[in-house]
Each structure stands twice: as structure tokens, then as C-alpha cells.
Amino acid sequence: MTKLYLVPNTISEEGYALLPGYIATEIKAVRTFFVEEPKAARRLLKAFNIPLNECHFHELSEHSSPKETQEYIKIAKAQDTAIISEAGCPCIADPGTDLVFLAHQDQIEIVPLVGPSSILLALMASGLSGQNFAFNGYLPREKELKRKKIINLEERSHKEKQTQIFMEAPYRNQTMLEDILASCRNTTNLCVASDIAGPQQFIKTMSIDKWKKHLPQIDQKPTLFLIYST
């Protein structure tokens, strides 16, 4: 039985030293990789002292077709392979799920490796409920639809006592923050987790009314937003 390793990548370019050393040992013999972004994968493998000239890379992204995924499964059935995200953990708000699902059907052993997940790191540091939470990915881009979604998540958080986690493209972070402040009740708690594990890491939880008095600048920085309404 062949193995499909799920390899986490560093969240920031400075974070290779934070990755568990056992990852390099686990994948030392793997030479075929399904990668979200080849450049990021090459940096990771170089840090693990895996010879890049022996490696083969196949792009696996949200644009990969079902036909491509079927071809990748044929490769994975013939040899040990690995999925590498551009940052964080494969299959968690990142590509890879379809390939892993098919691998289960073909009796390929799935080996998830421990590494950084910005979602879990933000939740851990937020002080908000880690017993009941939901990750919602990206919210609608259209302003009114986004406003309604934020209100819906706030109501859901209040009703279910559930932390609601979502994200935005870095260049729209400031607008997202302003929309949250304009849509939520003053007593709702908001955590802004920006540049996690990076040199400008900023993680802070306050009520909406306090955020309105201290607006951080978070544009162009990977950021997660967490809301919890009591």
C-alpha cells in the first residue's frame, strides 16, 4: 500500500525553524509532490535538505480539474507521494480534499503530518470558545451581502455559543474590519489575528465598541477574523 503524506508548510517565510523536524524524516524518500504553489514547496523541501533535482511537482489548486485529480491518483497508487500547501495545512481552507477523498477509495494510506494551521493558532490565541467553532472561509464580496452574512454569523454565534471564524483577501482586510465594526453589536467580541507566526504578528481580542476606538492597520497582511457574541 502506498502512502499519501499531507505536509504542512510554514505560514510565514521566516517560520521554517518552527516546523517539526520529524516531517523531513517522514518524507525523506518521497520525490513526487502535489503542490499548491511550486515556489513555496521548493523552499520547504530545500529547508528539509531534499534534493530538488530529484523531485517532480504537479500543480494542485482550486483550479485543478476532476480529470487532473484522477490522473494524480494513478501516480499516488504507484508510489509514495505528498501534498504540500502554499502555507499552513493541506485540505484545511486549502486544496487537496478531492485528492485525499479519492485516495481513500483506492486504499492509499493517508498520513497527516503535524504543522501550523493559522485557523487553529488564531482560535487558540483568541480567548474565544474553542469548544464550539466554525470556519466560514471567505464572505461575499458585495457589500450588502457581506453585511448580511456578518450579521447572520453574529446571530449564529449568540444562539449556538459558537466562535465564527472567517478570512478575507489581504488587500481587502481593512474594508472587512470596517464592515464588521459597522455591522456587529458593540458588545460582540472580535479577535483580529494578523500575520500569524510572522515578524509583524498581531493578535488581539476586544469588544466591538473598543475596536472602534483603536483601529489597527492590517491591509496586505494575512488575517483571520473571529467573532463571538455573548
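Residues numbered from 1 in each chain as written. Predicted model: local features only at pLDDT ≥ 70, side-chain atom pairs only at ≥ 80, totals over all residues. Heavy atoms only, no water.

Glancing now at the pairing of strand β10 (residues 223-228). Buried residues dominate β10, accounting for 6 of its 6 residues. Of the two faces of β10, the one carrying T223, F225 and I227 and the one carrying L224, L226 and Y228 are both buried. In this structure, strand β7 (residues 163-167) lies alongside β10, joined through 4 bridges in antiparallel fashion. Across the sheet, Q164 pairs through a bridge with I227, a residue of β10. Relative to β10, strand β8 (residues 189-194) runs antiparallel, the two being bridged by 6 bridges. (Buried < 20%, exposed > 50% of the residue type's maximum accessible area, 1.4 Å probe, protein only. Helix = DSSP H or I, 4+ residues; strand = E, 2+ residues; numbered from the N terminus. Pairing = 2+ DSSP bridges.)

We now examine helix α5 (residues 118-126). The set of residues buried in α5 consists of I119, A122, L123 and S126. Taken down its axis, α5 places every buried residue within 100° of arc, on the same side. Turning to α5, the residues buried within the fold contact β6 (133-138), β7, β8, β9 (202-207) and β10. Of the residues flanking the end of α5, it is G127, one or two places downstream, whose phi is positive at about 80°. (Arc of directions from axis to C-beta. Contact = heavy atoms within 4.5 Å.)

With that out of the way, let us pick up the packing of aromatic side chains. The description of an aromatic ring pair uses the distance of the two centres, along with the angle that the planes make with each other. Inspection of every chain in the model, using the stated rule, returns 4 aromatic pairs. For the pair F202 and W211, a centre-to-centre distance of 6.3 Å together with 65° between the ring planes defines the contact as edge-to-face. (Phe/Tyr/Trp six-rings, centres within 6.5 Å; stacked < 30°, edge-to-face > 60°.)

Now for the nonpolar core. Nonpolar side chains tend to gather and get buried jointly when the protein is soluble and globular. Formed by 19 residues in total, the largest nonpolar core has its most connected members in Y5, V7, I27, F33, F48 and I84. Of all the elements in the fold, those that place two or more residues in this core are β1 (3-7), α1 (22-26), β2 (32-35), α2 (38-47) and β4 (81-84). If one sorts the elements of this core by residue count, α2 sits on top with 3 residues. Each residue touching F33, except ones within four places of it in the same chain, is listed here: I27, L45, C55, H56, F57, H58, A82 and I84. I150, L190, M206 and W211 belong to the second-largest nonpolar core, a separate cluster that totals 17 residues. (Core = buried A, V, L, I, M, F, W, Y, C linked by side-chain atoms within 4.5 Å.)

Further remarks concern the sheet that holds β2. The sheet built from 5 strands is open, its strands ordered β3-β2-β4-β1-β5 with parallel pairing. Looking at the sheet topology across the chains shown, the edges are occupied by β3 (56-59) and β5 (109-112). Each strand of the sheet is rotated relative to its neighbour by a mean of 25°, with strand direction disregarded. Note: β2 against β3, 4 bridges, orientation parallel. Bridge pairing in β3 links F34 to H58. On the sheet, helix α3 (residues 66-78) packs against β2, β3 and β4 and is oriented at approximately 150° with respect to β2. (Axes fitted to C-alpha atoms, helices over the stretch in contact; angles between N-to-C directions.)

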